[in-house]
Protein chains: 2
Amino acid sequence: MKKHNYSAGPCILPQEVFKEAAQGILNYQDSGLSIMEISHRSAAFVDVMEEARSLSLDLLGLQDKGYKALFLQGGASMQFLMTAYNLLNKKAAYLNTGTWSTKAIKEAKLFGEVFEVASSKDKNFNYIPKNYQIPSDVDYFHCTSNNTIFGTQIKDFPQMDAPVVCDMSSDIFSRELDFSKFDLIYAGAQKNMGPAGTTLVVLKEDILGKVEREIPSMLNYKVHLEKDSMFNTPAVYAVYVSLLTLKWIKNNGGIAAMEKRNNEKADLLYKEIDRNPLFKGFAEVEDRSVMNATFNLTDESKKEAFDKLWKDAGINGLNGHRSVGGYRASMYNALDIESVKVLVETMRQLEQQS
Amino acid sequence: MKKHNYSAGPCILPQEVFKEAAQGILNYQDSGLSIMEISHRSAAFVDVMEEARSLSLDLLGLQDKGYKALFLQGGASMQFLMTAYNLLNKKAAYLNTGTWSTKAIKEAKLFGEVFEVASSKDKNFNYIPKNYQIPSDVDYFHCTSNNTIFGTQIKDFPQMDAPVVCDMSSDIFSRELDFSKFDLIYAGAQKNMGPAGTTLVVLKEDILGKVEREIPSMLNYKVHLEKDSMFNTPAVYAVYVSLLTLKWIKNNGGIAAMEKRNNEKADLLYKEIDRNPLFKGFAEVEDRSVMNATFNLTDESKKEAFDKLWKDAGINGLNGHRSVGGYRASMYNALDIESVKVLVETMRQLEQQS
């Protein structure tokens, strides 16, 4: 039975990526060796790393614009720390749109003053604050483009002089943006880019070198840049599978095509959430995430019946995060629209049963 | 043609591990899903993490002795930083036996005074210093059990009251030791334990909480312990493949059996290095590593001929590190003695040609 994987992350990746990824473990490019047993300094793996770094910039439209790409370890959680360690001299501005922003703020406070420009905590983060003021004297502004847990997504990013740092873990490579408006973008791989265990960091080199503290080697972007993302042994296999996924994105029309598919999937699901009286959306309509749709039953007594319907249909990972409850449908790049049709069908079946 | 993989790391893992690892990518335990696309909070993956943590302690004989195991990201290089961040109040003692010790010392100096108890730098780290004094007032003593680059290995560890911290990246699970003499052991997975991308940390909880500085969440052992090694998304697949490798060690007789095999392999190779007039060992005989044998040609003009011989025999990864030159045969747990016989045979062929 075909599975429809709505997991919020780690999550679905393209089936052809899984096939090539498995082949690479048994015999990488007919070398007679596994991709997991070759040196990270071998020509074969250096090629993987360099192609992954370059293709990331290509897809984002940032090639030859002063940006470099790194594949680091530690996830976005390590970037909460590294961004502040490297960039926060005195004061930084943070937009608080949920759990991950809150965690980023906590780490940044170890290194300087954090000015929270706005927060949507008053309504359990079900919207994106707007019309906030960013002080002119901040070292940078930090925001989270998509809030996996609450199902909200920033549609318009503020303009400013200070560097813009953005956690794009859950929507990178999913929609077209003018990425040159950002000075540092980071993203844990395990949504649209690859398996858990590697983190893409794309940054403008000219934002570095402005803090006075000594930065430990592993936390220092300059050190990683100087060593072409190979200061120490990288997460070889996670970078390899990320490269396979990036190639799949490119071969399937790049970010523009991903965005079109993602909008179609989200439209289909949100239309049903709004039409079907048994469901209501959690996030404010204008701030709804195209990646993660959060919704609840209007009548909690139907939970058992609905859970049986979607589980019987081969759907996996639909339970909402404990902070929100209800359901969360994560519709990353690799999720087929057929899977959304199956989910919508179970929602209609619940209505027919009622 | 069968490959004989002498890569220093990432390196050979058991063939059956590769087979099961590839199967897990296509269909994990008949779930219809890839191990890479399931949530790290799913029961299936929580089981993997818990079994890997527990089996690590079992194999080391540290179960129920006040130790906990963590699987973190960032490699040993991140542990150079984390050990000092968490344990270094005023002064720590370090034994300098090579490149990795030197790097650990560099990071520790950001957090306090580092007293280098001894160094073998005077002879390009070809021996292990002995009879050094460790001051009684240090927060901990740090050493590197096996020096991958130089091919030396500590056979006797000093006794002391202060906590002993040991980087066992390149020989963990390869030999029997009284592991309860150590208070914190760390090891990047990519030698005897699994693929690159995860790092085992085994520590006694009572050594924590003795420094006053604020420790960022991702660098704080206490935070990772409280969250059972799932503070943030772990390197799911690297932990899974590590578990497969740990099971292989257990099913093949545990560390005792690994040590026996490893000693047989090392004896065979070192005997040939000592017998064959065309070769000389790099490390002092008494400090030779069972994992990494470093050796040079006595007549450099034979380099081309020898390189052709071993490459034609299907041997991979035999070139020495640039700091030492010559050759390095890394004979980790998964390397079969047949591969050592093939290498010894090429060394004899070179002699016969001469």
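Reading the values: the criteria
Each chain has its residues counted from 1, running along the sequence as written. Chains carry letters and ligands carry numbers; both start at the beginning, A for chains and 1 for ligands, and go up in the order they are written. Local features are withheld for residues below a pLDDT of 70 in this predicted model, meaning they are given only at 70 or higher, and side-chain atom pairs are given and counted only at 80 or more; totals for whole chains, interfaces and linings count all residues. Computation of side-chain values covers all heavy atoms of the structure but excludes hydrogens and water. By the criteria applied, helices consist of DSSP H or I runs no shorter than four residues and strands consist of E runs no shorter than two, each listed in order from the N terminus. Each helix should span, by expectation, one fewer than its residue count multiplied by 1.5 Å. Three labels apply to residues, based on accessible area from a 1.4 Å probe with only protein chains included: buried if under 20% of the type maximum, exposed if over 50%, partly exposed otherwise in between. The reported arc concerns the directions from the helix axis to the C-beta atoms and nothing else. Least-squares superposition of the copies uses the C-alpha atoms of those residues scoring a pLDDT of at least 70 in each of them. In this description, contact between two residues means that some pair of their heavy atoms is separated by no more than 4.5 Å. When two parts are put together, the accessible area they lose, computed with a 1.4 Å probe and summed over both, is reported as buried area. What makes a salt bridge here is a side-chain nitrogen of Lys or Arg within 4 Å of a carboxyl oxygen of Asp or Glu, nothing more. Whenever a nitrogen or oxygen atom comes within 3.5 Å of another N or O atom, the pair is scored as a polar contact, on the condition that within protein one atom can donate a hydrogen and the other can accept it, and that pairs from neighbouring residues in sequence are kept only if both atoms are in side chains. Under the grouping applied here, Gly and all other residues not named as nonpolar or charged are polar, the nonpolar ones being Ala, Val, Leu, Ile, Met, Phe, Trp, Tyr, Cys and Pro and the charged ones Asp, Glu, Lys and Arg. Each axis is a line fitted through C-alpha atoms, and for a helix only the stretch in contact is used; angles between axes span 0 to 180 degrees, taken between their N-to-C directions. Each angle is binned into one of four classes, with values under 35 degrees roughly parallel, values over 145 roughly antiparallel, values of 65 to 115 roughly perpendicular, and all other values oblique. Left-handed describes a crossing whose near helix is turned anticlockwise from the far helix by less than a right angle; the clockwise case is right-handed. For two strands to be treated as a pair, DSSP must find no fewer than two bridges joining them. Crossover handedness is defined by viewing with both strands directed away from the observer: a clockwise path from the first strand over the helix to the second marks the crossover as right-handed. A pocket here means an open set of points on a 1 Å grid, computed over the protein atoms alone, that has protein on both sides within 12 Å along at least five of seven lines. A cavity is instead a set of points where a 1.4 Å probe fits but cannot get out; residues with an atom within 4 Å of a point line either one. Grid points are joined across faces, edges and corners, and a volume is the space filled by probe spheres set on the points. UniProt positions are given in the numbering used here, feature names are shortened, and annotations may be inferred rather than shown by experiment. As annotated, the domain borders come from an automatic or database domain assignment.

Caption draft 1: Quick peek at helix 1 (residues 15-26) of chain B. All names here are of chain B. The end-to-end C-alpha distance of helix 1 is 17 Å, a good match for the 16 Å that twelve residues give at a rise of 1.5 Å each. Taken together, the buried positions of helix 1 are occupied by Val-17, Phe-18, Ala-21, Ala-22, Gly-24 and Ile-25. On an axial view of helix 1, the arc spanned by its buried residues comes to 155°, and they lie on one face. Opposite its buried face, helix 1 presents the exposed residues Glu-16 and Lys-19, each directed more than 90 degrees away.

Caption draft 2: The arrangement of the relation of the copies chain B and chain A in detail. Least-squares fitting of chain B to chain A yields an RMSD of 0.0 Å, with the superposition described by an axial translation of 0.0 Å and a rotation of 180°. The relationship between the two copies is best expressed as a two-fold rotation axis. Residue Ala-22 of chain B of chain B places its C-alpha closer to the rotation axis than any other residue of that unit, at 2.3 Å. A shared binding surface is used by both copies, with 100% of the interface residues of chain B retained as interface residues in chain A.

Caption draft 3: Up close: the interface of chain B and chain A. On the chain A side, the residues contacting the 55 residues of chain B number 55 residues. It is Phe-18, Met-36 and Glu-37 of chain B that lose the most area in chain B upon contact with chain A, and together they represent 15% of the buried surface on that side. Our enumeration of links across chain B and chain A arrives at zero salt bridges. Summed over the shared surface of chain B and chain A, the number is eleven residue pairs in polar contact (both at pLDDT 80 or more). Of all the secondary-structure elements, those providing two or more residues to the side of chain B that touches chain A are helix 1, helix 3 (75-87), helix 4 (99-108) and helix 6 (236-251) of chain B. At seven residues, helix 1 of chain B tops the list of elements feeding residues into the side of chain B that touches chain A. Across the side of chain B that touches chain A, the residue classes break down as 29 nonpolar, 19 polar and seven charged.

Caption draft 4: Summary view of the packing of helix 3 (residues 75-87) of chain A against helix 4 (residues 99-108) of chain A. Residues and elements named next belong to chain A. Contact geometry for helix 3 and helix 4: axes closest at 8 Å, N-to-C directions at 40°. Between helix 3 and helix 4, the crossing angle belongs to the class labelled oblique. Where helix 3 crosses over helix 4, the handedness of that crossing is right-handed. Along the contact surface, helix 3 presents Phe-80, Leu-81 and Ala-84, while helix 4 presents Trp-100, Lys-103, Ala-104, Glu-107 and Ala-108.

Caption draft 5: Looking closely at the pairing of strand 4 (residues 113-119) of chain B. All names here are of chain B. Bridging between strand 3 (residues 91-96) and strand 4 involves six bridges; their strand directions are parallel. Paired with Asn-96 across the strands is Ser-119, a residue of strand 4. Tracing the backbone out of strand 3, into helix 4 and back to the parallel element strand 4 gives a crossover that is right-handed.

Caption draft 6: Main features of the layout of surface pockets. Looking at the second largest pocket, its volume works out to about 1,100 Å³. Ser-39, His-40 and Arg-41 of chain A together with Gly-9 and Arg-328 of chain B are, among the 45 residues lining the second largest pocket, the residues nearest its centre. Those elements that provide at least two residues to the lining of the second largest pocket are helix 3, helix 4 and helix 8 (303-312) of chain B. Grouping the constituent residues of the lining of the second largest pocket by class yields 13 nonpolar, 24 polar and eight charged.

Caption draft 7: Spatial organisation of the UniProt feature "modified residue: N6-(pyridoxal phosphate)lysine" (unreviewed entry) in chain A. Residue and element names in this part refer to chain A. In the numbering used here, UniProt assigns the "modified residue: N6-(pyridoxal phosphate)lysine" (unreviewed entry) feature to Lys-191. Note that Lys-191 resides in the loop between strand 9 (184-188) and strand 10 (199-204). Residue classification places Lys-191 among the buried positions, given a relative accessible area of 12%. Those residues in contact with Lys-191, other than ones at most four positions away along the chain, are Ala-8, Gly-9, Cys-11, Ile-12, Leu-13, Thr-148, Ser-169, Ser-170 and Tyr-332. Within polar-contact distance, the side chain of Lys-191 engages the backbone oxygen of Ala-8 at 3.0 Å.

Caption draft 8: Just the domain arrangement of chain A, in detail. Residue and element names in this part refer to chain A. Its domain assignment divides chain A into domain 1 (15-251) and domain 2 (253-353). Put simply, the middle of domain 1 and the middle of domain 2, counted by C-alpha atoms, are 27 Å apart. Contact residues are listed per partner, giving 29 residues for domain 1 and 27 residues for domain 2. The residue Lys-130 makes a salt bridge to Glu-286 at a minimum N-O spacing of 3.1 Å. Linking domain 1 to domain 2 there are 20 residue pairs in polar contact (both at pLDDT 80 or more). When contributions to the side of domain 1 that touches domain 2 are tallied by element, the ones reaching two or more residues are helix 2 (43-60), strand 7 (152-153) and helix 6 (236-251). Of the residues forming the side of domain 1 that touches domain 2, the biggest block, four residues, is contributed by helix 6. When its residues are assigned to classes, the side of domain 1 that touches domain 2 shows eleven nonpolar, eleven polar and seven charged.

Caption draft 9: Fine view of the packing of helix 2 of chain A against helix 6 of chain A. Residue and element names in this part refer to chain A. Two numbers describe how helix 2 lies on helix 6: the axes approach to 9 Å, and their chain directions differ by 40°. The orientation of helix 2 relative to helix 6 falls into the category oblique. Relative to helix 6, the crossing made by helix 2 is left-handed. Residues Phe-45, Val-48, Met-49, Glu-51, Ala-52, Leu-55, Ser-56 and Leu-59 of helix 2 pack against Val-236, Val-239, Tyr-240, Leu-243, Leu-246, Lys-247, Ile-249 and Lys-250 of helix 6. The class makeup of the residues in the contact of helix 2 with helix 6 is twelve nonpolar, one polar and three charged.

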